[in-house]
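# Survey of secondary and tertiary structure
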Amino acid sequence: MRTTVRLFTGTALTVAALGALAAPAAFAGNYESLEVYPSDASPGTTVTVNTLACGKHGHGVGDANSLGAGEFQLSPSTHKEVVVGQFRVPEHAKAGTYGISVACDNGKTARGDLTVTHRRPSGHVQTGVGGSVGPDTAQVTAGAAVLAAAAVGGVLLLRRRASGARGH
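What you see is a predicted model, and the numbers here were worked out from it, not measured in a lab.

## Quick word on the overall build of the chain
Regarding its fold elements, the chain presents two helices and nine strands. Its helices and strands in sequence order give the chain the pattern α-β-β-β-β-β-β-β-β-β-α, from N to C terminus. Across the 168 residues of the chain, 21% fall into the buried class. Long-range pairs, those at least 24 residues apart, make up 55% of the contacts in the chain with a sequence separation of at least 6. Looking at the chain as shown, the accessible area adds up to about 12400 Å², and 59% of this sits on carbon and sulfur atoms.

## Observations regarding the nonpolar core
Core analysis: the largest hydrophobic core is formed by 22 residues, its most contacted members being Val47, Val49, Leu67, Phe87, Val89, Ile100 and Leu114. Every element with two or more residues in this core is listed here: strand S4 (46-51), strand S6 (70-76), strand S7 (83-88), strand S8 (96-104) and strand S9 (109-116). Other than its neighbours up to four places away in sequence, Val49 contacts Leu34, Glu35, Val36, Phe72, Leu74, Val83, Val84, Gly85, Phe87 and Ile100.

## Things to note about the packing of aromatic side chains
Taken as a whole and assessed by the stated rule, the structure comprises one aromatic pair. Ring plane angle 35° and centroid distance 5.0 Å describe the contact between Phe72 and Phe87, whose orientation is recorded as tilted. Placement of the pair is Phe72 in strand S6 and Phe87 in strand S7, with a sequence separation of 15 residues. The same class applies to Phe72 as to Phe87, namely buried.

## As for the confidence of the model for the chain
Considering every residue of the chain, the mean pLDDT works out to 77; 70% of them sit at 70 or more. Averaged pLDDT values over the elements of the chain bottom out at 42 in helix H1 (residues 2-28) and peak at 95 in strand S5 (residues 60-64). A low-confidence stretch, residues 4-28 (pLDDT under 50), is modelled with zero contacts involving residues beyond four sequence positions or located in other chains.

## Brief notes about the environment of Arg119
By secondary structure assignment, the location of Arg119 is in the loop between S9 and helix H2 (137-167). Separated by 77 residues in the primary sequence, Arg119 and Ser42 place their C-alpha atoms 6.4 Å from one another.

## Re the pairing of S9
Only one face of S9 is covered, namely the face carrying Ala110, Gly112, Leu114 and Val116; the face carrying Thr109, Arg111, Asp113 and Thr115 is uncovered. Here strand S1 (residues 32-33) runs beside S9; their pairing, made up of two bridges, is parallel. Bridge pairing in S9 links Ser33 to Arg111. The pairing of strand S3 (residues 40-41) with S9 spans two bridges and is parallel. Bridge pairing in S9 links Ala41 to Val116.

## A short note on the state of the cysteines
Two cysteines form a disulfide when their sulfur atoms are joined by a covalent bond. Under the counting rule described, the total for this entry stands at one disulfide. Between the sulfur atoms of Cys54 and its disulfide partner Cys104 the distance amounts to 1.9 Å. The chirality of the disulfide connecting Cys54 with Cys104 is left-handed, given an S-S dihedral of about -75°. Of the two residues, Cys54 sits in the loop between S4 and S5 while Cys104 sits in strand S8, which places them 50 residues apart along the sequence. Classification of Cys54 by relative accessible area gives buried; the value is 6%. Using a relative accessible area of 8% as the deciding quantity, one classes Cys104 as buried.

Rules and cut-offs
Residues numbered from 1 in each chain as written. Predicted model: local features only at pLDDT ≥ 70, side-chain atom pairs only at ≥ 80, totals over all residues. Heavy atoms only, no water. Helix = DSSP H or I, 4+ residues; strand = E, 2+ residues; numbered from the N terminus. Buried < 20%, exposed > 50% of the residue type's maximum accessible area, 1.4 Å probe, protein only. Contact = heavy atoms within 4.5 Å. Areas by Shrake-Rupley, 256 points an atom, 1.4 Å probe, with all protein chains shown as cover. Core = buried A, V, L, I, M, F, W, Y, C linked by side-chain atoms within 4.5 Å. Phe/Tyr/Trp six-rings, centres within 6.5 Å; stacked < 30°, edge-to-face > 60°. pLDDT = per-residue confidence, 0-100. Pairing = 2+ DSSP bridges. Disulfide = S-S within 2.5 Å.

Put into structure tokens, the structure is as follows:
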């Protein structure tokens, strides 16, 4: 009896595992690839998308509504069977990953992702307090003098200890 239960359980688990592996493959066939360049963009950046889904001389409508950029047109490019479109990342777009999709005239669809990142500030920090304008020559000179004095003092101390150790 135990052998029958084990055989039945093993068969059921195998069927379930194969079904779980087949489901993503079936779902993945619903969309074709949409290339998004750059795939990481900051607000204000113009993004270009292209796909082979629309076919030779095809057209399509892109959807970047999840990002707040609205719809955009795709038209044939100079490359064989590729359609291209562009949109601009809105200034108010928040950081995150957004799905961009395309519906072609031939009924096919394509999908890709765009990651919005925000620019890091560069240059001096504007705090209004001051003090970080640039190096002060007097402070640099004083620091160098302290380091030189410490080095000379260290050398003298080591020489004195070395000469004192020989006498005993």
